[in-house]
Amino acid sequence: MSSPGPATCSSTLAPGFAAAPTPFTVPAPRCQVDFNEPAQDSEVAYSTLDLTADDHPDLVVFKDQCDATIGQTHWDLYPWSASGFAGAPLPFKVPAPRCQVSFDEAAQDAAVTYATVDLTGDGHPDLVAFSDQCDASVGQTHWDLYAWSASGFAAAPVPFAVPAPRCQVDFDKASHDDSISYAMMDLTGDGTSDLVVFGDHCDATVGQTHWDVYAGSASGFAAAPVPFAIPAPRCQIDFDEAAQDAAMSYSTMDLTADGHPDLVVFSDQCDASVGQTHWDLYPWSAAGFAAAPVPFTVPAPRCQISFDEASQDATIAYAAMDLTGDGNPELVVFGDRCDTSTGQTHWDVYPWSTSGFAAAPTPFALPAPRCQIDFDEAAQDAAISYSTMALTAACGVDLVVFGDQCDATVGQTHWDVYGAQ
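In this report, the structure presented in the accompanying data block is examined. In this text the structure is predicted, and so the values were computed from the model without any measurement.

Basis of the calculations
Residues numbered from 1 in each chain as written. Predicted model: local features only at pLDDT ≥ 70, side-chain atom pairs only at ≥ 80, totals over all residues. Heavy atoms only, no water. Phe/Tyr/Trp six-rings, centres within 6.5 Å; stacked < 30°, edge-to-face > 60°. Helix = DSSP H or I, 4+ residues; strand = E, 2+ residues; numbered from the N terminus. Buried < 20%, exposed > 50% of the residue type's maximum accessible area, 1.4 Å probe, protein only. Polar contact = N/O pair within 3.5 Å; in protein donor to acceptor, adjacent residues only side chain to side chain. Contact = heavy atoms within 4.5 Å. Disulfide = S-S within 2.5 Å. Pairing = 2+ DSSP bridges. Axes fitted to C-alpha atoms, helices over the stretch in contact; angles between N-to-C directions. Salt bridge = Lys/Arg side-chain N within 4 Å of Asp/Glu carboxyl O.

## Notes on the packing of aromatic side chains
In step 1: Enumeration over the complete set of coordinates arrives at 33 aromatic pairs.
In step 2: Residues W75 and F153 carry aromatic rings whose centres are separated by 5.4 Å and whose planes lie at 85° to one another, so their mutual orientation is edge-to-face. Placement of W75 in strand β5 (residues 74-78) and of F153 in strand β14 (residues 152-153) is noted, with a sequence separation of 78 residues between them.
In step 3: Given the relative accessible area of 0%, W75 is considered buried.
In step 4: Classification of F153 by relative accessible area gives buried; the value is 3%.
In step 5: Relative to W143, the ring of F130 lies with its centre 4.8 Å away and its plane at 85°, an arrangement referred to as edge-to-face. Taken together, the residues F130 in strand β11 (residues 126-132) and W143 in strand β12 (residues 142-146) connect sequence positions 13 residues apart. The two residues F130 and W143 agree in class, both being buried.
In step 6: Through pairs of rings, three or more aromatic residues link up here, namely F17, F334, W347 and F364.

## Topic: the side chain of R166
In step 1: Here R166 lies in the loop between β15 (158-161) and β16 (176-177).
In step 2: In terms of polar contacts, R166 uses its side chain to reach the side chain of D212, at 2.8 Å.
In step 3: Filtering out sequence-adjacent residues up to four positions away, R166 remains in contact with F171, I180, V197, D200, D203, V206, D212, Y214 and P225.

## Looking at the state of the cysteines
In step 1: Under the criterion given, the structure shown has seven disulfides.
In step 2: One disulfide in the model links C9 with C395; its S-S distance is 1.9 Å. Given an S-S torsion of about -85°, the disulfide between C9 and C395 has left-handed geometry. Taken as a pair, C9 in the segment before β1 (22-25) and C395 in the loop between β36 (384-389) and β37 (398-404) lie far apart in primary sequence, 386 residues in all.
In step 3: A residue is classified by how much of its surface remains accessible, and C9, at 5% relative accessible area, is buried.

## Description of the sheet that holds strand β34 (residues 362-365)
In step 1: The sheet built from five strands is open, its strands ordered β28-β29-β30-β31-β34 with antiparallel pairing. For this open sheet the edge positions go to β28 (311-313) and β34, each flanked by a neighbour on one side alone. On average, adjacent strands in this sheet sit at an angle of 30° to one another, irrespective of strand direction.
In step 2: Bridge analysis of strand β29 (residues 316-321) against strand β30 (residues 330-336) gives six bridges, and the strand direction is antiparallel.

## Details of the sheet that holds β11
Working definition: the strands of a sheet are paired by backbone hydrogen bonds and lie parallel or antiparallel to each other.
In step 1: Spatially, the five strands line up as an open sheet ordered β9-β10-β11-β12-β15, and their pairing is antiparallel. Both edges of this open sheet fall to β9 (108-109) and β15, since each of them pairs with a single strand only.
In step 2: Pairing between β12 and β15: four bridges, direction antiparallel. Each bridged residue has a counterpart across the sheet, and for D144 the counterpart in β15 is P159.

## Focus on the pairing of β12
In step 1: When you tally the buried positions in β12, you get five out of five residues, the bulk of the element.
In step 2: Neither face of β12 is exposed, since H142, D144 and Y146 on one face and W143 and L145 on the opposite face are all buried.
In step 3: Of the strand pairs in this sheet, β11 and β12 are connected by three bridges, and their pairing is antiparallel. Each residue of the ladder has a partner; that of A129, found in β12, is D144.

## Considering the pattern of salt bridges
In step 1: Scanning the model with the defined rule gives 14 salt bridges in all.
In step 2: For R370, the salt bridge is made with D416, and the minimal N-O distance between the two is 2.8 Å. With a gap of 46 residues between them, R370 in the loop between β34 and β35 (380-381) and D416 in strand β38 (residues 414-418) connect regions that are remote in the sequence. One exposure class covers both R370 and D416, and it is buried.
In step 3: Salt bridges sharing common partners tie together R30, D64 and D76.

## Some thoughts on unusual backbone geometry
In step 1: We note that D55 has phi near 65°; this positive angle belongs to a residue other than glycine.
In step 2: Mapped onto the elements, D55 comes out in the loop between β3 (44-49) and β4 (58-64).
In step 3: Positive phi is not limited to glycine here, since Q168 has a value of about 65°.
In step 4: Along the polypeptide, Q168 turns up in the loop between β15 and β16.
In step 5: The exposure class of Q168 is exposed, given its relative accessible area of 82%.

Interpretation in functional terms is not warranted from these geometric data alone.
The structure is reproduced here in structure tokens:
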């Protein structure tokens, strides 16, 4: 789902989530299964996905063991509205099964590997088959793209070109981490996914000096790659994966507020200051990441834990996430074993700035615990099932409770939504 972005959302942090929830209607249970989780794959497979092109998540049922047509001819789509999902579904067409495999899940990696991803750059999810055991050309020369339309995916695919295999490895998945490491991401800044090779066992320069970028277009990825510069190895570790957490922990995220992914090092066993006082930020440019990093300030350690990962759920639970919807991530502490009020009454939010996160946190109010469960994680699925998502919020996120063992109506008739105030 697209976010409103910095042009329409203020960077001012709200005081917190509402103390009392608003009901958000969900459909009646299907095949004796409630909608009491954000997604499920059993008798009924479902999830939230924007298929109606209104920038809001719809509730989509991919299969139903009580209705064999779902996943074979169509998905059941419950469109979003401000008060809840529709009570009755609309059929959203899916292609005929391939290689005896129905499209009855959001994604699959078996005889047919597929997923929903926007490859056409129109902001709508297409259905993409990356490989097919009954058609060896899929994944070797092209992917099969079933384009989105308002009524469903196209019945027949169009080929979406992929590069020739590298190091005897086909591009037959959305991402891969083995003899070659690759994934889809927009590194060229044109809003279209590129195919990026991070490492290649047959070419040691890839991951040491550059990544290989196959630029995306409406018809496919370029046949030949363009090098995208990366920094020199650190602590004897190459940047040959999309992300890593070992002697050096790093990933890509936009910390410079330019809409492009930067390369961010969260920790480095050869430099103890990284993660304790700052992250090392290599800003994006069209030719590659900067050769030398700039420091991006992080708060002092809490409960003897440094902020040396992108997220963590242990002594302190934290993550970088955008609570305001302005496109910039805040550093949010959900729980702290040395401060039990964090997660019970509030989250501690360290606002973003161009030089780093604030040194001192701002409290972000939370609802009271439910069913004896605090909101001390970003998401949880136990006595209560909850998460943050932009369900009703124009900017930022809501706190959404999908199920509550102390209130059987939640998940049967509605979700409880605590909007940011």
